[in-house]
Amino acid sequence: MNSKLRRVVLVVALLNLCYFGVEFLVALAIGSVSLIADSVDFLEDASVNILIFFALAWTVRSRARVGMAMAFILLVPALAFLWTAWAKFMDPIPPEPFALSLTGFGALVVNLFCAYLLAQYRHTSGSLTRAAFLSARNDAFANVAIIGAGLATAYLWHSAWPDLIVGLGIALMNMDAAREVWEAAREEHDAVA
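Counting restarts for each chain, with residues numbered from 1 along the sequence as it is written. For a predicted model such as this one, the threshold for reporting local features is a pLDDT of at least 70, and the threshold for listing and counting side-chain atom pairs is 80 or more; totals across whole chains, interfaces and linings nevertheless cover every residue. Remark: hydrogens and water are excluded; side-chain values derive from all non-hydrogen atoms of the structure.

## Quick notes on the packing of aromatic side chains
Working step 1: A pair of aromatic rings is counted whenever rings of Phe, Tyr or Trp (Trp by its six-membered ring) have centres within 6.5 Å, and the orientation is called stacked for planes under 30 degrees apart, edge-to-face for over 60 and tilted otherwise. Per the counting criterion, the structure on display carries four aromatic pairs.
Working step 2: Centre to centre, the rings of F53 and F54 are 5.2 Å apart; their planes meet at 80 degrees, and the pair counts as edge-to-face.
Working step 3: Here's how the labels work: a residue is buried when its accessible area is under 20% of the maximum for its type, exposed when over 50%, partly exposed in between, all with a 1.4 Å probe on protein chains only. Take F53: its relative accessible area is 18%, and that puts it in the buried class.
Working step 4: Judged by relative accessible area, F54 falls into the partly exposed class, the value being 46%.
Working step 5: Sitting over a ring, as applied to charges here, requires NZ of Lys or CZ of Arg to be within 6 Å of the ring centre and within 35 degrees of the ring normal. Directly above the ring of F53 sits R6, whose terminal nitrogen or CZ lies 4.1 Å from the centroid.

## With respect to a nonpolar patch on the surface
Working step 1: Here, patches come from residues exposed beyond 30% relative accessible area and free of salt bridges, joined within 9 Å for like charges and within 5 Å for nonpolar side chains (Val, Leu, Ile, Met, Phe, Trp, Tyr). Exposure was quantified through the Shrake-Rupley algorithm and a 1.4 Å probe, taking into account, for residues, occlusion by the shown protein chains and nothing else. When a carboxyl oxygen of Asp or Glu is within 4 Å of a side-chain nitrogen of Lys or Arg, the pair counts as a salt bridge. Together, W86, F89, M90, F98, L151, Y155, L156, W157, W161 and I165 give the surface a local cluster of nonpolar side chains, amounting to about 1200 Å² of exposed area.
Working step 2: Helix numbering and strand numbering both begin at the N terminus, where a helix is a DSSP run of H or I of at least 4 residues and a strand a DSSP run of E of at least 2. Mapped by element, the contributors of at least two residues to the nonpolar patch are α4 (76-90), α6 (127-155) and α7 (161-192).
Working step 3: Element by element, the count of residues in the nonpolar patch is highest for α4, at three residues.
Working step 4: Relative to the elements of secondary structure, Y155 occurs in helix α6.
Working step 5: With a relative accessible area of 59%, Y155 lands in the exposed category.

## Focus: the state of the cysteines
Working step 1: In this description, the term disulfide denotes a pair of cysteine sulfurs within 2.5 Å. For the coordinates displayed, the defined rule picks out zero disulfides.
Working step 2: For C18, which is in no disulfide, the shortest distance to another cysteine sulfur is to C114 and amounts to 10 Å.
Working step 3: Accessibility expressed as a relative area gives 1% for C114, which makes it buried.

## Quick word on the side chain of T153
Working step 1: Positionally, T153 belongs in helix α6.
Working step 2: Here, two residues are considered to be in contact whenever any of their heavy atoms come within 4.5 Å of each other. When neighbours within four sequence positions are excluded, T153 is seen to be in contact with P94, P95, P97, H158, S159 and P162.

## A look at the confidence of the model for the chain
Working step 1: The quantity known as pLDDT measures the predictor's confidence residue by residue, on a range of 0 to 100. When pLDDT is averaged along the chain, the result is 83; 94% of the residues meet or exceed 70.
Working step 2: Element-level pLDDT for the chain is lowest in helix α3 (residues 60-73), with a mean of 71, against a maximum mean of 94 in helix α5 (residues 97-119).

## Structural notes on the nonpolar core
Within soluble globular proteins, side chains that are nonpolar tend to cluster in buried spots.
Working step 1: For this analysis, a nonpolar core means a set of buried residues of the types Ala, Val, Leu, Ile, Met, Phe, Trp, Tyr and Cys, connected via side-chain atoms within 4.5 Å. Within the largest apolar cluster, 29 residues are counted, with the highest numbers of intra-cluster contacts made by I52, M70, L118 and L128.
Working step 2: If sequence neighbours within four positions are ignored, M70 has contacts with V48, L51, I52, L128 and A131.
Working step 3: One finds V33, L100, I170 and A171 within the second-largest nonpolar core, a separate group that totals 18 residues.

## A look at the environment of W182
Working step 1: Along the chain, W182 turns up in helix α7.
Working step 2: W182 gets classed as partly exposed once you look at its relative accessible area, which sits at 33%.
Working step 3: Non-local contacts of W182, meaning those with residues more than four positions away in its chain, are made with M68, A71 and F72.

## A look at the packing of helix α1 (residues 2-30) against helix α2 (residues 33-55)
Working step 1: In contact at an axis separation of 7 Å, α1 and α2 are set at 160 degrees when each is read in the N-to-C sense. Comparing their axes, α2 and α1 come out roughly antiparallel. Taken as a pair, α1 and α2 cross one another with a handedness that is left-handed. With axes taken as lines fitted to C-alpha atoms, and helix axes fitted only over the stretch in contact, angles between N-to-C directions fall between 0 and 180 degrees. Just so you know how the angles are binned, under 35 degrees is roughly parallel, over 145 roughly antiparallel, 65 to 115 roughly perpendicular, and the rest oblique. By the definition used in this description, the sense in which the near helix is turned from the far one sets the handedness, with an anticlockwise turn below a right angle giving left-handed and a clockwise turn giving right-handed.

## Observations regarding the packing of α2 against α5
Working step 1: Between α2 and α5, the shortest axis-to-axis distance is 11 Å and the interhelical angle comes to 25 degrees. Considered as vectors, α2 and α5 are oriented roughly parallel to each other. Viewed along their axes, α2 and α5 form a crossing whose handedness is left-handed. Touching S34, L35, D38 and F42 of α2 are L100, T103, A107, V110 and N111, all from α5.
Working step 2: Class assignment for the residues of the contact of α2 with α5 results in five nonpolar, three polar and one charged. Under the grouping applied here, Gly and all other residues not named as nonpolar or charged are polar, the nonpolar ones being Ala, Val, Leu, Ile, Met, Phe, Trp, Tyr, Cys and Pro and the charged ones Asp, Glu, Lys and Arg.

## Observations concerning α1
Working step 1: One fewer than the residue count of a helix, multiplied by 1.5 Å, yields its expected span. For α1, which comprises 29 residues, the first-to-last C-alpha distance of 41 Å matches the rise-based estimate of 42 Å (1.5 Å per residue) to within 8%.
Working step 2: Within the sequence span of α1, burial applies to L5, V8, V9, V12, A13, N16, Y19, F20, E23, A27 and I30.
Working step 3: A positive phi of about 70 degrees marks G31, the residue just after α1.

What follows is the structure in structure tokens.
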């Protein structure tokens, strides 16, 4: 089971790393806050899954400590949102809506596939696999919102606000996932202490 899980985590890490590059370049080209936050989230997911790949060979106590560290890593996209949101407030030009929605759809496909791969392991290896699964699942929800922001910008409200609102939602979702992972890791750590 552990070798299968490690392979799945490595595949998920590589998929996240590849789509980070795609989404980051599109985000810069169209000036999207939500895509910047989501692309940084892809990079964070790749880092988390690579860390999980190595940590699965460690002791339960060491994995619990890594789980606690991952709770802080999950906060990185929230910080990226704050940085890009400030820039967008200074220059509130809406992103190109169709590129926003299309890129969000590509991210949704990647995240649903990653969540599918991780779903069977979400209750295995404690906080580590929980972090990976929650991250992929939450990202899929965020991607649906990004698609919606693109459509809203195109047809309802030609403004930077739909993009900013979705970016804020992504940041809040990551903060909640960080809290869940922290709690699970603390429980694991306390159980083996």
